[in-house]
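The primary structure of each chain is shown beneath.
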There are 2 protein chains.
Amino acid sequence: MAEFDLIDLIRARCAVERNDVRLGIGDDAAILAPPPGHDLVVSTDTLVEGVHFPASTSARDLGWKALAVNLSDLAAMGATPAWALLALTLPNADRAFVVDFADGFAELAAHHRVALVGGDTTSGRLSVTVVVHGFVPPDRALRRDGARVGDQVFVTGTIGDAAGGLACLERRQPHLLEIPVEVRDALVMRLERPTPRLAAGAVLRDSATACLDVSDGLLADLGHIAARSGVGIELVADCLPTSSALLAAFDENERLVLQAAGGDDYELAFTAPLDRATAIERDLARIGCGATRIGTVVPGNGVRLLDAGGGEIALARRGWNHFA
Amino acid sequence: MAEFDLIDLIRARCAVERNDVRLGIGDDAAILAPPPGHDLVVSTDTLVEGVHFPASTSARDLGWKALAVNLSDLAAMGATPAWALLALTLPNADRAFVVDFADGFAELAAHHRVALVGGDTTSGRLSVTVVVHGFVPPDRALRRDGARVGDQVFVTGTIGDAAGGLACLERRQPHLLEIPVEVRDALVMRLERPTPRLAAGAVLRDSATACLDVSDGLLADLGHIAARSGVGIELVADCLPTSSALLAAFDENERLVLQAAGGDDYELAFTAPLDRATAIERDLARIGCGATRIGTVVPGNGVRLLDAGGGEIALARRGWNHFA
């Protein structure tokens, strides 16, 4: 199967029509018409087999996830997604793999009306780079540098689940083999089918002072908000939102590491003034997205995790470093 | 060295300031302001070690080439480049490699005022995906689907050089070891430091009916123009523009394969009506870019390479297939 057949196959399965796509896949480049009077928001993320996903990941889940982690970046900016490009590196031109991958990608793309407008297919070890484009009203994007002392820190949904799912797949401890299959599946689903919080990001555009998505670990990611905003952040360990699956599968110490240092949940972590907290929780609840207050923005720098008595909890690992 | 230090290092070395970049590297996504009343042109290309470049390629040349092959796609559309993203996968966080890579990338980026606005660094086998964005007046981009029967077919510069350079590096035939070093270097330079024909693309926007860049091989690439335009193309082998280095290094049969089926020259191949030929050659000469008439658009389909007597020349290989 030749490269061009692969591209046709992907194109046929990812057919979202948009008026702002003048020319899609099939030329040297795509021709697009950005909406007048908006900022363009662009992000890219790469997933490498064995680094960002286990070799056991199905092609369909991989297609979903490669787009999801990128849309999550747009969510964190409060942007509305529009266009994607896909650079897919494959060890061989496996038709079944490409069909399944494209179907997983297309399922999420269709849901958010994202048009696949270009890309590249090459041979090599399995790796996926996706680029996404979205729009936001001028100067309204959510950034990392707006947190102010006194702001509350929030996170959507529950965290630690994806890292728990990865621990189940890797069977790092013997007791993980005894977890009920439905619990294990719920956690692995969070790892393999993350939900980009696009509706939440759009809601937060009007109220959050800083926002990002939790991909490398809560402490590590909030460290970026702290550094770019010139503030410190204190988190209360007992406040971290925990799913019933995570509760069922791990003891308290294990959970804390998964929640504070595990990545891949793709929830939004954000800051907002105290007087907007109730409105934010209400507005997010209206779109079916929970949000939990987990800490406070303080003077200083860095992110500290506190126990119930206010003492700092030292963790062996704070986040994901690709070159550790 | 951590991922974030790598990103800082790349950012520091690729500092092109542009007013249309609202927010560059360092957040979940870049925030950009496309110019009103223009189409946005977007393309991406991946280079994988051992597939698109030999392991012997220097980091600096790789940085240049990764951007060059992408800018070449914008050139083929007649677009003016503006922004780039860089997804870099590295086996380890080698500071010297990243510095050299960034310097090669930055050298070309500065020349064309391309701002690096985002990207991703991951660990894995060496692979580079670059995304480029450019602008073009509305409905004025050069496409592949506009060639008409009777048009002349042109190519800029000389072709076959990059494939000749690769043959020298791979030492496929014993006689390649005897090529004078300055001839070899001239060919390898075409492989490792391709020149995106941006100025030529801008000139051709007013006169070409179809255009693309020669990356996979002249016959294979022109096949896309033929297919998308619903025409056939006849090329005259004796007309293919040949550098003195290629003449010095290869015999006639070798040259023809390198020129017709070798890729990686990143010259522009285009079609235009006969009555514009003289003006095109003059306008391109004015910007220091040669162009040669190599054939004609005919009824039918496919691309045929003809000898001086008008007979078709059969080639063992017509172009590059990533999954062959």
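Residues numbered from 1 in each chain as written. Chains lettered and ligands numbered in written order. Predicted model: local features only at pLDDT ≥ 70, side-chain atom pairs only at ≥ 80, totals over all residues.

(A) A look at the overall build of chain A. Across its full length, chain A holds 10 helices and 12 strands. Computed over its C-alpha atoms, the radius of gyration of chain A comes to 20 Å, within 12% of the 20 Å expected for a compact globule of 324 residues. Reported as C-alpha extents along the three principal axes, the dimensions of chain A are approximately 65 × 55 × 35 Å. In chain A, once contacts between residues fewer than 6 apart in sequence are set aside, the share between residues at least 24 apart is 88%. (Helix = DSSP H or I, 4+ residues; strand = E, 2+ residues; numbered from the N terminus. Rg over C-alpha atoms; globule rule 2.2 N^0.38 Å. Contact = placed C-beta atoms within 7 Å.)

(B) The arrangement of the sheet that holds strand β1 (residues 21–23) of chain A in detail. Strand order in the open sheet formed by 6 strands is β1(A)-β2(A)-β3(B)-β6(B)-β4(B)-β5(B), with mixed pairing between adjacent strands. Edge strands, defined here as strands with exactly one partner in the open sheet, are β1 of chain A together with β5 (115–123) of chain B. Recorded for the sheet is a direction-independent mean angle of 20° between the axes of neighbouring strands. The sheet contact formed by strand β4 (residues 80–90) of chain B and strand β6 (residues 127–136) of chain B spans 9 bridges and is antiparallel. Residue pairing in the sheet places proline 81 of chain B in a bridge with glycine 134 of chain B of β6 of chain B. (Pairing = 2+ DSSP bridges. Axes fitted to C-alpha atoms, helices over the stretch in contact; angles between N-to-C directions.)

(C) Fine view of the pairing of strand β3 (residues 39–48) of chain B. Of all 10 residues making up β3 of chain B, 10 are buried, and the element is well covered by its neighbours. Neither face of β3 of chain B is exposed, since Asp39, Val41, Ser43, Asp45 and Leu47 of chain B on one face and Leu40, Val42, Thr44, Thr46 and Val48 of chain B on the opposite face are all buried. Note: strand β2 (residues 30–32) of chain A against β3 of chain B, 3 bridges, orientation antiparallel. In the strand pairing of β3 of chain B, alanine 30 of chain A is matched with valine 42 of chain B. Note: β3 of chain B against β6 of chain B, 10 bridges, orientation antiparallel. Bridge pairing in β6 of chain B places threonine 46 of chain B opposite threonine 129 of chain B. (Buried ≥ 20, exposed ≤ 12 C-beta atoms within 10 Å, placed from the backbone.)

(D) Broad picture of the relation of the copies chain B and chain A. Turning chain B through 180° and shifting it by 0.0 Å along the axis lays it on chain A, with an RMSD of 0.0 Å. Within this description, the copies of the chain are treated as partners about a two-fold rotation axis. Among all residues of chain B, the one whose C-alpha sits closest to the rotation axis is proline 36 of chain B, at a distance of 3.2 Å. (Least-squares fit on C-alpha atoms with pLDDT ≥ 70 in both.)

(E) Quick look at the packing of helix α4 (residues 161–170) of chain A against helix α5 (residues 181–192) of chain A. Residue and element names in this part refer to chain A. Close contact between α4 and α5 brings their axes to 7 Å; oriented N to C, the two are set at 115°. What the angle tells us is that α4 and α5 run roughly perpendicular. Crossing handedness for the pair α4 and α5: left-handed. Mapping the contact onto sequence places Asp161, Ala162, Gly164, Gly165, Leu166, Cys168 and Leu169 in α4 and Arg184, Leu187, Val188, Arg190 and Leu191 in α5. For the contact of α4 with α5, the residue count by class is 7 nonpolar, 2 polar and 3 charged. (Parallel < 35°, antiparallel > 145°, perpendicular 65-115°, else oblique. Left-handed = near helix turned anticlockwise from the far one by under 90°. Nonpolar A, V, L, I, M, F, W, Y, C, P; charged D, E, K, R; others polar.)

(F) Focus on the nonpolar core. Val41 and Ala84 of chain A together with Val41 and Ala84 of chain B are the most contacted members of the largest nonpolar core, which has 192 residues in total. Residues in contact with alanine 84 of chain B, not counting those within four places in the same chain, are Leu67, Ala109, Val114, Leu116, Val130, Val131 and Val132 of chain B. (Core = buried A, V, L, I, M, F, W, Y, C linked by C-beta atoms within 7 Å.)

(G) Region of the structure containing the domain arrangement of chain A. All names here are of chain A. Per the domain assignment, the segments of chain A are domain 1 (3–136) and domain 2 (152–306). Using C-alpha coordinates to define each centre, domain 1 is positioned 26 Å away from domain 2. For the side of domain 1 that touches domain 2, the elements supplying multiple residues, two or more each, are α2 (59–77) and β4 (80–90). (Domains from an automatic or database assignment.)

(H) Representation of helix α7 (residues 218–229) of chain A within the structure. Residue and element names in this part refer to chain A. With 12 residues, α7 extends 16 Å from end C-alpha to end C-alpha; this agrees with the ideal 16 Å at 1.5 Å per step. Those residues of α7 that are buried lie in contact with β7 (152–156), β8 (210–213), β9 (232–236), α9 (252–261), β10 (268–272) and β12 (302–306). Looking one or two residues beyond α7, the residue adopting positive phi is glycine 230, at roughly 70°. (Expected span 1.5 Å × (residues − 1).)

(I) View of the environment of alanine 29 of chain B. Following the sequence through the fold, alanine 29 of chain B ends up in the loop between β1 (21–23) and β2 (30–32). Note on alanine 29 of chain B: 28 C-beta atoms within 10 Å, which makes it buried. Linking alanine 29 of chain B and valine 117 of chain B, residues 88 residues apart in sequence, is a C-alpha distance of 8.5 Å. When near neighbours in sequence (up to four residues on either side) are disregarded, alanine 29 of chain B contacts Val41, Val42, Ser43, Asp73, Leu74 and Met77 of chain A together with Gly118 of chain B.

(J) Inspection of the interface of chain B and chain A at higher detail. With 55 residues of chain B at the contact, the number on the chain A side is 55 residues. Of all elements in the fold, only β1, β2, β3, α2 (59–77), β4, β5, β6 and β8 (210–213) of chain B reach the threshold of two or more residues within the side of chain B that touches chain A. The dominant element in the side of chain B that touches chain A, judged by the number of residues it contributes, is β3 of chain B, at 9 residues. Grouping the amino acids of the side of chain B that touches chain A by side-chain chemistry returns 26 nonpolar, 16 polar and 13 charged.

(K) Quick peek at the sheet that holds strand β10 (residues 268–272) of chain B. Residues and elements named next belong to chain B. Sheet architecture is open: 6 strands sit in the order β8-β10-β7-β11-β9-β12, paired in mixed fashion. The open sheet terminates on both sides in strands that have one partner only, identified here as β8 and β12 (302–306). Adjacent strand axes in the sheet meet at a mean angle of 25°, parallel and antiparallel pairs treated alike. Pairing analysis gives 4 bridges linking strand β9 (residues 232–236) to strand β11 (residues 291–298), with the strands arranged antiparallel. Paired with leucine 235 across the strands is glycine 295, a residue of β11. Together, β8 and β10 form the strand contacts of α2, whose direction differs from that of β8 by roughly 170°.

(L) Focus on unusual backbone geometry. With a phi close to 55°, arginine 113 of chain A is a non-glycine residue in the positive phi region. Within the secondary structure, arginine 113 of chain A is located in the loop between α3 (95–111) and β5 (115–123). Notably, aspartate 264 of chain B is not glycine yet its phi reads approximately 75°, a positive angle. Tracing the backbone shows aspartate 264 of chain B in the loop between α9 (252–261) and β10. Given 24 C-beta atoms within 10 Å, aspartate 264 of chain B falls into the buried group.

(M) Focus on the environment of leucine 240 of chain B. For leucine 240 of chain B, the position within the fold is in the loop between β9 and α8 (244–249). A sequence separation of 14 residues divides leucine 240 of chain B from alanine 226 of chain B, and the C-alpha atoms of the two residues are 18 Å apart.

(N) Looking closely at the packing of α2 of chain A against α3 of chain A. Residues and elements named next belong to chain A. Interhelical geometry of α2 versus α3 gives an angle of 40° and a closest axis separation of 6 Å. By the criterion of interaxial angle, the relationship of α2 to α3 is oblique. Our pair here, α2 against α3, has a crossing hand that is right-handed. Contact with α2, carried on its side by Ala59, Arg60, Asp61, Leu62, Gly63, Trp64, Ala66, Leu67 and Ala68, involves Phe97, Asp100, Phe101, Ala102, Asp103, Gly104, Phe105, Glu107, Leu108 and Ala109 of α3 and no other residues of that element. Class assignment for the residues of the contact of α2 with α3 results in 12 nonpolar, 2 polar and 5 charged.

(O) Just α4 of chain A, in detail. All names here are of chain A. Counting buried positions along α4 gives 8 out of 10 residues, so the element sits mostly inside the fold. Of all the residues in α4, the buried ones are Asp161, Ala162, Ala163, Gly164, Gly165, Leu166, Ala167 and Cys168. Looking at the buried residues of α4, the elements they touch are α5, α8 (244–249) and α9. Note on α4: the residue one or two positions beyond its end, arginine 171, has a positive phi of about 50°.

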